[in-house]
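Per-entry structural report
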Amino acid sequence: MDAIASSASSSAARTTLMANAIRALAMDAVQQANSGHPGAPMGMAEMAVALWGRHLRHNPSNPRWSERDRFVLSNGHASMILYALLHLTGYDLALSELRNFRQLGSLTPGHPEHGLTPGVETTTGPLGQGLANAVGMALAEKLLAREFNREGHAIVDHRTWVFAGDGCLMEGISHEACALAGAWKLNKLVVLYDDNGISIDGQVAPWFVDDTAKRFEAYRWNVIAGVDGHDADAVDAAIARAKEEPERPTLIVCRTTIGKGSPNRAGSAKAHGEALGHDEVKLTRTALAWAHEPFVLPEQAYAEWDAKAKGEEAEGAWQARFAVYKAAHPELAAEYVRRMESELPGDWADTVRTVALAAHEKAETVATRKASQIALETYTKKLPELLGGSADLTGSNLTQTGSTPPLRIDARGDVVVTADGRIGRHINYGVREFGMAAIMNGVALHGGYVPYGGTFLTFSDYSRNAIRMAALMKQRVVHVFTHDSIGLGEDGPTHQSIEHAASLRLIPNLDVWRPCDTVETAVAWAAALESRTRPTALLLSRQNVPYAPKPAFDAADAESALEHIARGAYVLAEPSEVGLTRKPQAVLIATGSEVQLALNAQQELATEGIAVRVVSMPSTTAFDRQTTAYKLRVLPPRVPRIAVEMGATDGWWKYGCAAVVGIDRYGESAPAPQLFKHFGFTAQNVADTVRCVLGRATRAASPSFATPGTTP
């Protein structure tokens, strides 16, 4: 009995040492920065000991090991617990970086950032999105396992873990994502809820009255409630139970005290979002019996936390299993490696060329949403990693193809496979735009799939923050936004996008494409899939648009034509295309469905001897990255420019436009042709605008265009 008691005492002492090392680093770093959130890291310290010290499978020497467990700190303001864990377990995160917490150029910013700090799986801070990302990660794991595992070869078999707080569960996105996690039976997803009852405004009880356990039970989660979050053994036991759950994701409700260890701040909002203060830090050291100076930790603490040897052993064992798998299934192994490394097939360029040439030969008059589906039919067949979906608008967004059967999960929690052996690759997200966008981010972060999802452009407002996070994290995620203008017609101004294209173009590192026909749509999709460091928004029409002739294709110069389109803007039609041999007197810049207006206006003006160049600019964001020389070839200096787009005009003045035919007010409910005429989106009005800019306006002409900027 004495030996057992001694062992228990030794275990408790190790747990206390490990937990207090986190508390000390958290309070010291926040105090040094005089900025941050010490309370949650101090309160979750034993939770971290239980998960990171006893269950998490990872390799600090190789943070990108594909078969590692994923850990998401959804309550990203508690970043110091993650930085402390990464440092203590052996990641390449020096103590000096913790000293520089929240300082310019450090690897320890105020909220965890993916791609900056080794071991950080996703950028968190906007509450709830990390939890939603984790749902996407767990989904990717489940689908990859079904796709690649074979009898006797479980090469994909890892878990996704989340720390989340009250704020994550108050955010509505938690409902969207967690409901889907239950529907998908993501049993390898485990969320540890830091139930400390405190937010910035104080005790949450007056405004957060949810019965969280029952809420998650209603989502069909496995809920383990009433766990003492300061008892590492109790948390350990709950985690062990969660790992045995065969079907459902698990929520472990850990009751904790925020700022645990601080004599005067523990349990208060004061511990949440500000430094404890020098005096309180000293008192906390005494209360914890932590006899070490700031940022000084005993070697025993490092020894207890060090995970390098265990991690290298785990990865080594997996590599050995993968070698056996590769010998048995060489093609599958090669495909797994290609996809986890985010590489496209070697003949991808030929595929794009084939799709584009076929579109040019057919020259179909279709809506660009249909053009998107046409391109996807080939792309989804070529790329099994394309994982599509829609927020309850599949028939309108046209995101499903013959190669993407619907994702379905059976009663046992297994992914349903079609008769010909395919897994579901089209997700019915339901009416959950924000959840869809954040889940897609998680899928992309996990690796192995390229996610895309559809909704109406006006509903991009629901998705916007997750789109921004994808751009910040440089993730290849594709948003298919259809019904891109007043052209959707009778649904009226609630559904008609006005400011959305301009607004999306303002997001750094987001590519926005508004193609005019089938070829441009095929190129836009190709650009999105080739872009490994930025997400893409495709803005597509509901109404049919005629095919815009491509002289370069007819001149057997398809490669050059495709390259020019991929640059974001190109010369679509010179004056010579309408019988004039003179240099252009004006340049019409148009996007999407308005390109046809520009071409028709060009033809009308040619009858009067007015020479106009038409530039199609499907992507302002791609064009803005081009060289000055290319930009000047497309938009020659000292030639007046007129932009045409059914949307807000502000973004066009940067191109030195003399006028913009646009719309800076909300739309109306009416058939699309009536709306086009009502708002001046006619070839006649575009031509009149050019005449006005050139000083040739007749008395009868009264063009509708925005207030001119400065003519270059």
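Values in this document were obtained by computation on a predicted structure and should not be read as measured data.

1. Remarks on the packing of helix H15 (residues 348–362) against helix H21 (residues 518–530)
With their axes 8 Å apart at the nearest point, H15 and H21 run at an angle of 165° to one another. The orientation of H15 relative to H21 falls into the category roughly antiparallel. The handedness of the crossing between H15 and H21 is right-handed. Only Thr518, Val519, Ala522, Ala526, Leu529 and Glu530 of H21 make contact with H15, whose side of the interface consists of Trp348, Val352, Val355, Ala356, Ala359 and His360. Considered class by class, the residues forming the contact of H15 with H21 number 9 nonpolar, 2 polar and 1 charged.

2. Brief notes about the sheet that holds strand S16 (residues 570–573)
Read from one edge of the open sheet, 5 strands run S16-S18-S17-S19-S20, paired in mixed fashion. The open sheet has two edge strands, S16 and strand S20 (659–661), and neither has a second partner. When the angles between neighbouring strand axes are averaged without regard to direction, this sheet yields 30°. Pairing geometry for strand S17 (residues 586–590) and strand S19 (residues 641–644), over 4 bridges, is parallel. Its bridge partner lying in S19, Val587 is registered against Arg641.

3. A closer look at unusual backbone geometry
Positive phi, close to 65°, is recorded for Arg102, a residue that is not glycine. Structurally, Arg102 can be placed in the loop between helix H5 (95–99) and helix H6 (129–148). According to the relative accessible area criterion, Arg102 is partly exposed, its value standing at 27%. A positive phi angle, close to 65°, is found at Asp392, a residue other than glycine. Relative to the elements of secondary structure, Asp392 occurs in the loop between strand S9 (386–390) and helix H17 (394–397).

4. Quick notes on helix H8 (residues 172–183)
Compared with the 16 Å implied by 1.5 Å per residue over 12 residues, the 17 Å span of H8 between its first and last C-alpha is a close match. Residues Ile173, Ser174, Glu176, Ala177, Cys178, Ala179, Leu180, Ala181 and Gly182 constitute the buried set of H8. Where H8 is buried, its residues meet H6, helix H7 (166–170), strand S3 (189–195), helix H9 (212–218), strand S10 (426–428) and helix H18 (433–446).

5. Some words on the environment of Leu93
Examined against the element boundaries, Leu93 turns out to sit in the loop between helix H4 (79–89) and H5. For the pair Leu93 and Thr117, spaced 24 residues apart in sequence, the C-alpha separation works out to 7.5 Å. With near-sequence residues (within four places) excluded, Leu93 lies in contact with Tyr83, Leu86, His87, Leu98, Leu107, Thr108 and Thr117.

6. Side note on the sheet that holds S10
The parallel open sheet is built from 6 strands, whose spatial order is S10-S9-S11-S12-S14-S13. The sheet terminates laterally at S10 and strand S13 (511–513), the two strands that pair on one side only. The average angle at which neighbouring strand axes cross in this sheet is 20°, direction not considered. As paired elements, S9 and strand S11 (residues 450–456) share 3 bridges and run parallel to each other. Of the residues in S11, the one forming a bridge with Leu387 is Pro451. Lying on the sheet, H18 is in contact with S9, S11 and strand S12 (478–482); it crosses S11 at an angle near 170°.

7. Quick look at the pairing of strand S2 (residues 160–165)
Within S2, 6 of the 6 residues are buried, leaving the element largely enclosed by the surrounding structure. Side-chain alternation along S2 places Thr160, Val162 and Ala164 on one buried face and Trp161, Phe163 and Gly165 on a second face that is also buried. Pairing of strand S1 (residues 70–73) with S2, which is carried by 4 bridges, proceeds in the parallel orientation. Paired with Phe71 across the two strands is Trp161, which belongs to S2. One ladder, built from 6 bridges, connects S2 with S3; its direction is parallel. Bridge assignment links Gly165 to a residue of S3, and that residue is Asp194.

8. As for the side chain of His500
Secondary-structure assignment places His500 in helix H20 (residues 500–505). We classify His500 as buried; its relative accessible area is 4%. With residues near it in sequence (within four places) discarded, His500 still touches Leu457, Thr458, Ser460 and Asp461.

Cut-offs applied
- Residues numbered from 1 in each chain as written.
- Predicted model: local features only at pLDDT ≥ 70, side-chain atom pairs only at ≥ 80, totals over all residues.
- Heavy atoms only, no water.
- Axes fitted to C-alpha atoms, helices over the stretch in contact; angles between N-to-C directions.
- Helix = DSSP H or I, 4+ residues; strand = E, 2+ residues; numbered from the N terminus.
- Parallel < 35°, antiparallel > 145°, perpendicular 65-115°, else oblique.
- Left-handed = near helix turned anticlockwise from the far one by under 90°.
- Contact = heavy atoms within 4.5 Å.
- Nonpolar A, V, L, I, M, F, W, Y, C, P; charged D, E, K, R; others polar.
- Pairing = 2+ DSSP bridges.
- Buried < 20%, exposed > 50% of the residue type's maximum accessible area, 1.4 Å probe, protein only.
- Expected span 1.5 Å × (residues − 1).

By themselves these figures say nothing about function.
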